[in-house]
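# An overview of the molecular structure
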Amino acid sequence: MARKIFGTDGVRGRANTFPMTAEHALKLGAAAGRYFRQDGNDHRVVIGKDTRRSGYMLENALTAGLTSTGMNVFLVGPMPTPAVGLLTRSMRADLGVMISASHNPHYDNGIKFFGPDGFKLSDTAEREIEQLLEGEILPAQPQNIGRAKRIDDARGRYVERVKATFPQGLRLDGLKVVIDCANGAAYKAAPEVLYELGAEVVAIGVSPNGFNINEQCGSTDTALAAETILDHGAHVGICLDGDADRVMVLDETGKVADGDQLMALLASRWSASGRLKGDTLVATVMSNLGLERHLATQGLRLERTAVGDRHVVSAMREGGFNLGGEQSGHIVMTDHATTGDGLLAGLQFLAEMVQTGQPASVLVQQFEPVPQMLQNVRFGAGKQPLNDEAVKQAIAAAEADLGDAGRLLIRKSGTEPLIRVMAECEDDAQLKRVVKSVVDAVEAAV
């Protein structure tokens, strides 16, 4: 049975519009609470959030729903998504909840669930919660209503855990680092980590007001970070998104390295030191063909999954692999974390700079990407453009045009009402032609 409310990364939508209303969040919390309290024993849940204004509303609604079914709630406040996974496991909680729409604008929000192992809930668990949502949710008896407690030192716990992943004996002395926190969840934790490891920190995107998360800053808009690097003569820039589970690295010239380049670097270094399990990197269908070719020259394998870090993590756990991620900057290192952690990945890059003595501009250019073009087409409610016959014909014609010379990927976004059209090939004119043909067809359909 397909999921109705849950998408590729939890529940997401426009704040104060279904399913991101206080009323629905309360019921969703109650359904999740009832799912984890089916045995009648006492249980606990960790709730974190990013810096969106709507986070207050959803946090309170979820807390009410969860406590109404007997769950004890631990509130950790603004906290990166990976920190919620970490704290869920370390605090022996049954459930972790992160209130965030990641890299989306402030007017969106989302609710992500983690299981007791710190990993995101399985599709099966999400379907069962949805089934509970459709019926009447049995509340706890008055004497069994849960409690809510704020955990004041949660950020410090996360900071220490992230620092512990940095190689023993290394420091960041002499490195000037621009850190862009996207006015999001890591606006305090990320600068603290870098400062405590010895870096000279230039922090931007650290003044959240509830509405400026991801606004002209962060991993999806690196122009401000690039400008800051040049203005301050910094050695490197680390750009996080709103919930700090993804990262973009900028070199000393302001040039951006996406997740593919960072994964290529880590895979090569981990393989050389015997740390890369199965000689395999797990990435999605969006990762550049150049990455796959680069790994092959080193005898390493790229295993591709559907888009979404949950699919990457699932393949990693199933195959026993410890490194994976997405071109968009989710880097998953299961030796250290249960989900993508942008700050942790940035630290791994800084460690390579310290250990090799090489500038960021050398380390970020691991392979020559095959030219790739991505265009998004937004569509309205109720539209299913990929079912349109003219769109299907355009896709078939584009695939025939490319043949064996490249790749074409058409998919519906799991987090926004977008059709994503991506193609790769060496011929620039051909690349533009095939993308335009599909985009035109989709636009006509919507």
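Residues numbered from 1 in each chain as written. Predicted model: local features only at pLDDT ≥ 70, side-chain atom pairs only at ≥ 80, totals over all residues. Heavy atoms only, no water.

Moving on: the environment of Gly146. Residue position: Gly146 is located in the loop between α4 (123-133) and β6 (148-150). In sequence terms Gly146 and Met71 are 75 residues apart; their C-alpha atoms lie 4.8 Å from each other. In contact with Gly146, other than residues within four places in its own chain, are Thr67, Gly70, Met71 and Asn72. (Helix = DSSP H or I, 4+ residues; strand = E, 2+ residues; numbered from the N terminus. Contact = heavy atoms within 4.5 Å.)

Another aspect to go through is the pattern of salt bridges. Inspection of every chain in the model, using the stated rule, returns 28 salt bridges. Residue Asp153 pairs with Arg157 through a salt bridge whose shortest N-O separation is 3.2 Å. Since its relative accessible area comes to 42%, Asp153 is described here as partly exposed. By relative accessible area, which is 35% here, Arg157 ends up partly exposed. Linking Lys432 and Asp428 is a salt bridge whose minimum nitrogen-to-oxygen distance equals 3.3 Å. Taken as a pair, Lys432 and Asp428 lie in helix α14 (residues 428-445) at a separation of 4 residues, close to a single helical turn. According to the relative accessible area criterion, Lys432 is partly exposed, its value standing at 44%. Asp428 gets classed as partly exposed once you look at its relative accessible area, which sits at 41%. Among the charged side chains, a network of salt bridges with common partners joins Asp9, Arg12, Lys112, Lys120, Asp243, Asp245 and Asp309. (Salt bridge = Lys/Arg side-chain N within 4 Å of Asp/Glu carboxyl O. Buried < 20%, exposed > 50% of the residue type's maximum accessible area, 1.4 Å probe, protein only.)

Note on soluble globular proteins: their nonpolar side chains tend to be buried together. With 64 residues, the main nonpolar core has Leu323, Ile331, Phe349 and Leu350 as its most contacted residues. Looking at which element gives the most residues to this core, the answer is helix α11 (residues 342-356), with 8 residues. Beyond its immediate sequence surroundings of up to four residues, Leu350 is in contact with Phe166, Leu172, Leu175, Val177, Leu194, Val236 and Ile238. Counting residues in hydrophobic clusters, the runner-up holds 29 residues, among them Ile47, Ala61, Met71 and Ile99. (Core = buried A, V, L, I, M, F, W, Y, C linked by side-chain atoms within 4.5 Å.)

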